[in-house]
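Structural overview
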Amino acid sequence: MQTFIHYLLHFGAIGIIAYVYWPKKWFKAYLILFATMLVDVDHLWANPIFDPDRCSIGFHTFHSYPMIAVYFLGAIFVKHAILRLIFIGLLFHMFTDGLDCLWNAYL
């Protein structure tokens, strides 16, 4: 169930965010949000690359707390629509990965 919810958020919920953010260009917004999943490139630097019990938040470079603060501030203060959407996508990605951390810790 955890994996299903994780990928539903990564692939499905971003469609809702895209439509709410940019209704007339929702598909373009969806592709931009989808592209923010490239943030997971930092998983390639870990050993092992994939560990289902590891919390990404605070472990991987682009999933670190300072980077999350950058994503948060960018989502609030950046005025350029596409850049703001990228920050929103990165922040939502951290939220989704953070849910996994909670799931692993408490369930």
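Whatever comes next refers back to the structure up there.
These figures come from a predicted structure and were not determined experimentally.

1. What to know about the packing of aromatic side chains
Throughout the structure, instances matching the rule amount to seven aromatic pairs. Geometrically, the ring pair formed by Tyr-21 and Trp-22 is edge-to-face, given 6.5 Å between the ring centres and 85° between the ring planes. Judged by relative accessible area, Tyr-21 falls into the partly exposed class, the value being 27%. Between Phe-92 and Phe-95 the ring centres are 5.7 Å apart and the planes differ by 35°, which places this aromatic pair in the tilted class. One end of the pair is Phe-92 and the other is Phe-95, both in helix α4 (residues 81-106) and three residues apart, which spans about a single turn.

2. Examining the environment of Trp-103
Mapped onto the elements, Trp-103 comes out in helix α4. The partly exposed category is assigned to Trp-103, whose relative accessible area is 27%. Considered as a pair, Trp-103 and Phe-11 are 92 residues apart in the sequence and their alpha carbons are 19 Å apart. If near-sequence neighbours (up to four positions away) are discounted, Trp-103 is found in contact with Met-1, Gln-2 and Ile-5.

3. Section: the layout of surface pockets
Its boundaries defined by the atoms lining it, the largest pocket holds a volume of some 440 Å³. Lining the largest pocket are 21 residues, with His-6, Tyr-7, Phe-50, Ser-56 and Asp-100 positioned closest to its centre. The residue makeup of the lining of the largest pocket, split by class, is seven nonpolar, nine polar and five charged.

4. Considering the side chain of Thr-36
The residue Thr-36 is located in the loop between α2 (26-35) and α3 (65-77) in this model. At a separation of 2.5 Å, a polar atom in the side chain of Thr-36 contacts the main-chain carbonyl oxygen of Leu-33. Thr-36 has contacts with Ile-86, Gly-89 and Leu-90, leaving out every residue within four places of it along the chain.

Rules and cut-offs
Residues numbered from 1 in each chain as written. Predicted model: local features only at pLDDT ≥ 70, side-chain atom pairs only at ≥ 80, totals over all residues. Heavy atoms only, no water. Phe/Tyr/Trp six-rings, centres within 6.5 Å; stacked < 30°, edge-to-face > 60°. Buried < 20%, exposed > 50% of the residue type's maximum accessible area, 1.4 Å probe, protein only. Helix = DSSP H or I, 4+ residues; strand = E, 2+ residues; numbered from the N terminus. Contact = heavy atoms within 4.5 Å. 1 Å grid on protein atoms, 1.4 Å probe; cavity = no way out; pocket = protein on both sides within 12 Å on 5 of 7 lines; lining within 4 Å. Points joined across faces, edges and corners; volume = space filled by probe spheres on them. Nonpolar A, V, L, I, M, F, W, Y, C, P; charged D, E, K, R; others polar. Polar contact = N/O pair within 3.5 Å; in protein donor to acceptor, adjacent residues only side chain to side chain.

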